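# Survey of secondary and tertiary structure
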Amino acid sequence: MRVLALDTTTADGSVAIVNDEGVLIERLGDRTRSHTERLPNDLMTALAAVGVTLRDVDLFAIVAGPGSFTGLRTGIATMQGLALVGGKPMVAVSAVDVLCTAASIDAPPGGIVGAWMDAHRREVFSALYRVGEGSPYDPESLTEVEAATVGEPLTTLARWQANDVVPSVLAGDGATLYGDLAGRVTRVMPHPLLAPIAGRMAIARAARGLAVPPTLVLPIYVRRPDVEVTRDARRAADSAALRVASGQASET
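Residues numbered from 1 in each chain as written. Predicted model: local features only at pLDDT ≥ 70, side-chain atom pairs only at ≥ 80, totals over all residues. Heavy atoms only, no water.

### Regarding the nonpolar core
By size, the foremost hydrophobic cluster in this structure holds 38 residues, and its most contacted members are Val3, Val93, Val98 and Val113. Considering each element in turn, this core owes the most residues, 8 residues, to helix α8 (residues 194-207). Not counting the four nearest positions on each side in its chain, Val3 is found in contact with Ala16, Ile17, Val18, Leu59, Ala61, Gly199, Ala202 and Ile203. Among the nonpolar cores identified, the runner-up in size contains 20 residues, and Leu39, Val52, Ile62 and Met90 belong to it. (Core = buried A, V, L, I, M, F, W, Y, C linked by side-chain atoms within 4.5 Å. Buried < 20%, exposed > 50% of the residue type's maximum accessible area, 1.4 Å probe, protein only. Helix = DSSP H or I, 4+ residues; strand = E, 2+ residues; numbered from the N terminus. Contact = heavy atoms within 4.5 Å.)

Okay, structure coming up:
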């Protein structure tokens, strides 16, 4: 099976082509240009570099979030379009799952691994998993200890310590950014290229019947988009103003 994998959860992101034997090519994106400017050219360039065309791709893999809202939408839409044209399925994986998979590769069975992605606002997207047996890319190789969430690094770390689930390895750009906190209790792994790992995870998931039609792939936000928060706040304010106006009208 040949997989074209894309990550747009961070400003740079990455592209990879993977098959059953391993990674054929992996490339870090250029963060000085937006994903909209770089796609789909980054994908086409990677395919050409290994002598592969879109017709040769069997499966499309996307890191669906959390991350930059614009990046997620751009990446997912690009891969959906390519997959629909070729009539091929997709596999979507969470960025924190990919990071925990990377952290688990050298971790012993039974150990705890975690992910910290920079969520900005001095927060991190985080998750915890327990390492199992078998290939790290298999979906059953990790058991969820704490689902993906968002919060302040210090609060997150304190919660883990209180529950005695501090990871032996913590991966991601958030772990690097807040290494002064994380490094006191755990080993920090810098943010790896996510696309090649996602591609290998996608092969394992497709083998278990977990590939889906492109139209079923949705972003994994974890935190609500700002536009939704602003919209709901405006609606609440308008509703409150309407109630006040109605009350004043009834009094007169």
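### So, the pattern of salt bridges
For the structure shown, the criterion picks out 6 salt bridges. Two residues, Asp42 and Arg38, come together in a salt bridge whose shortest N-O distance is 3.3 Å. Arg38 matches Asp42 in its accessibility class, with the two residues each being buried. Each of Asp138, Glu140 and Arg208 takes part in salt bridges that share partners, so that together they form one network. (Salt bridge = Lys/Arg side-chain N within 4 Å of Asp/Glu carboxyl O.)

### Quick notes on the layout of surface pockets
Space inside the largest pocket adds up to approximately 420 Å³. At 4 residues, strand β6 (residues 112-120) tops the list of elements feeding residues into the lining of the largest pocket. The residue makeup of the lining of the largest pocket, split by class, is 9 nonpolar, 8 polar and 8 charged. (1 Å grid on protein atoms, 1.4 Å probe; cavity = no way out; pocket = protein on both sides within 12 Å on 5 of 7 lines; lining within 4 Å. Points joined across faces, edges and corners; volume = space filled by probe spheres on them. Nonpolar A, V, L, I, M, F, W, Y, C, P; charged D, E, K, R; others polar.)

### As for the pairing of strand β4 (residues 59-63)
Counting buried residues in β4 gives 5 out of 5 residues, a clear majority hidden from the surface. As paired elements, strand β1 (residues 2-7) and β4 share 5 bridges and run parallel to each other. Residue Val3 lies in a different strand from β4, and its bridge partner there is Leu59. The pairing of β4 with strand β5 (residues 90-93) spans 4 bridges and is parallel. Residue pairing across strands places Ile62 opposite Ala92, the latter belonging to β5. Handedness of the β-α-β unit built from β4, helix α3 (residues 69-86) and β5 comes out right-handed. (Pairing = 2+ DSSP bridges. Right-handed = clockwise from strand over helix to strand, strands pointing away.)

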